[in-house]
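Below are the chains, spelled out letter by letter.
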Amino acid sequence: MIRLRVGNVKEILNKSDDMEELIVEVDGITQKAINYPAMTGPAKKDDRVALNTTAVFLNLGTGGYHFVMFNYSNTFLDESSPGHIMKLRYTPFQIKCLSSEEPESYLREKIEQLDSLDNMPVVVASLHSMVPAVCAAIKLNKPESKVAYVMTDSGALPIYFSRLVHILKQKKLIDITITEGHAFGGDLEAVNIYSALLAAKAWGASIGVVAMGPGITGTSTKFGHTGLEQGEIINAVNILKGFAIAVPRISFADKRSRHFGISHHTLTALSLIAITPATIVLPEELDREKSSFIHQQLQQYKITEKHTVEVRKGFPGIMHLKGLDIHVTTMGRSYEKDPEFFLTAGAAGLFSVEKLI
């Protein structure tokens, strides 16, 4: 169920064609809200708006934002862009997209002719916050490479919600974005992960980087986590004859036992969900004790019997991010507080460059 409230726009903090960050007054309190003009029209000061306040009320990880569901000043909106594939289907917010597979798409003919990624490296991450270090390492070591970021629908659905993606495109660490499934707003749209990967190849990408948007959903149960998609994406890459590279979720800052070392969700994804092989890249910078702990985990779950393990430097990618003044956190922790998490992503990015044909 939705917790619905009506509020008033007091101020527009930030504004782009795709997203507006607002200050709204609701229930006598001023709070932040997100408005997507493509869905509810542009907002202006003093507009009366209907707000989905559910996540903030439950204190969930949406960044503390309400979301505008309807603007009483925008009672008539029109849509004239091409395409007819619906995302958020059969909800009040279903939207029309021009998907790359449609006849009107300039990539349709190329996609139809492809049935293989031709060994294209695809880095499969399990958290959105891994993407910057992966892309930074790629561009540092091969600046001319073309990086396609495929955002899945296991986290935030509008790519506009990710400030990281906007920054990474500005800094030219990502060349093109593709939103698949019910995720939307990328430079290209795709119906599923298979056609998204083929669209990346058809567009001319050198390397694919796949991860959900911000806002991972998880429980403490073995299979109750959207990060398990990592295993399914590895299978998709292999079905399409790409080269799958897995970024394990590694942390020694998270004291929860299920997330200490390699997260139990990564272990499940790689041991049970991925039925085809990938290359798992670990950072060279791990000390002996931490490295030993991680290898014990990999052996315990028999992951090394199915997948290949490589070790590469992760720190150069981190330094490249710092040099570009890009600050990244995961679960509120910076590189200084959780270095292994980011080093692992940087190491995977470096390895992917080595696999370029």
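Every value quoted in this text rests on a predicted model; they were computed, and no experiment measured them. Starting from 1, residues in each chain are numbered consecutively following that chain's sequence as written. Side-chain atom pairs in this predicted model are given and counted only at pLDDT of 80 or more, local residue features only at pLDDT of at least 70, and totals for whole chains, interfaces and linings cover all residues. Hydrogen atoms and water are omitted, and side-chain values are computed over all heavy atoms in the structure.

## Here we look at the side chain of Ser195
Phase 1 of the analysis: Helix numbers and strand numbers start at the N terminus; a helix is a DSSP run of H or I with at least 4 residues, a strand a run of E with at least 2. Relative to the assigned elements, Ser195 resides in helix H6 (residues 193–203).
Phase 2 of the analysis: Setting aside chain neighbours within four positions, we find Ser195 in contact with Glu101 and Ala190. The contact definition used throughout considers only heavy atoms, calling two residues in contact when any of these lie within 4.5 Å.

## Quick notes on the sheet that holds strand S2 (residues 20–26)
Phase 1 of the analysis: One bridge is not enough; two strands pair if DSSP finds at least two bridges between them. One closed barrel accounts for five strands, arranged S1-S2-S3-S5-S4; its pairing is mixed. Direction aside, the axes of adjacent strands within the sheet are offset by 55° on average.
Phase 2 of the analysis: Two elements, strand S3 (residues 29–35) and strand S5 (residues 65–71), share three bridges in a ladder whose sense is parallel. Pairing of Ala33 across the sheet is with His66, part of S5. Each axis is a line fitted through C-alpha atoms, and for a helix only the stretch in contact is used; angles between axes span 0 to 180 degrees, taken between their N-to-C directions.

## Topic: the packing of aromatic side chains
Phase 1 of the analysis: Stacked, edge-to-face and tilted labels apply to pairs of Phe, Tyr and Trp rings (six-membered ring for Trp) whose centres lie within 6.5 Å, assigned for plane angles under 30 degrees, over 60, and everything in between, in that order. Counted by the stated rule, this structure contains twelve aromatic pairs.
Phase 2 of the analysis: Aromatic pair Phe252 and Phe293: ring centres 6.2 Å apart, planes at 65°, arrangement edge-to-face. Of the two residues, Phe252 is situated in the loop between strand S14 (250–251) and strand S15 (261–262) and Phe293 in helix H9 (residues 288–300); the sequence distance between them amounts to 41 residues.
Phase 3 of the analysis: Under the relative-accessibility criterion, Phe252 is labelled buried at 10%.
Phase 4 of the analysis: Ring pairing ties together the aromatic residues Tyr36, Tyr65, Phe67, Tyr160, Phe161 and Phe184, which thus form one cluster. Only protein chains enter the accessibility calculation, which uses a 1.4 Å probe; a residue whose area is less than 20% of its type maximum is buried, one above 50% is exposed, and one in between is partly exposed.

## Let's talk about the pairing of strand S10 (residues 176–180)
Phase 1 of the analysis: Most of S10 is tucked away, with five of its five residues classed as buried.
Phase 2 of the analysis: Side chains of S10 alternate between two faces, with Ile176, Ile178 and Glu180 and Thr177 and Thr179 buried alike.
Phase 3 of the analysis: As judged from the four bridges shared by strand S9 (residues 147–152) and S10, these two strands associate in the parallel manner. Bridge pairing in S10 links Val150 to Ile178.
Phase 4 of the analysis: Orienting the strands away from the viewer, one traces the path from the first strand over the helix to the second; a clockwise path indicates a right-handed crossover. What joins S9 to S10 is helix H5 (residues 163–170), and the crossover it makes is right-handed.
Phase 5 of the analysis: One ladder, built from three bridges, connects S10 with strand S11 (residues 188–190); its direction is parallel.

## What about helix H4 (residues 131–141)?
Phase 1 of the analysis: With nine of eleven residues buried, H4 lies mostly within the body of the structure.
Phase 2 of the analysis: Residues Val131, Pro132, Ala133, Val134, Cys135, Ala136, Ala137, Ile138 and Lys139 constitute the buried set of H4.
Phase 3 of the analysis: For H4, the secondary structure elements touched by its buried residues are strand S8 (121–124), S9, H5, strand S12 (207–212), helix H10 (315–323) and helix H11 (339–354).

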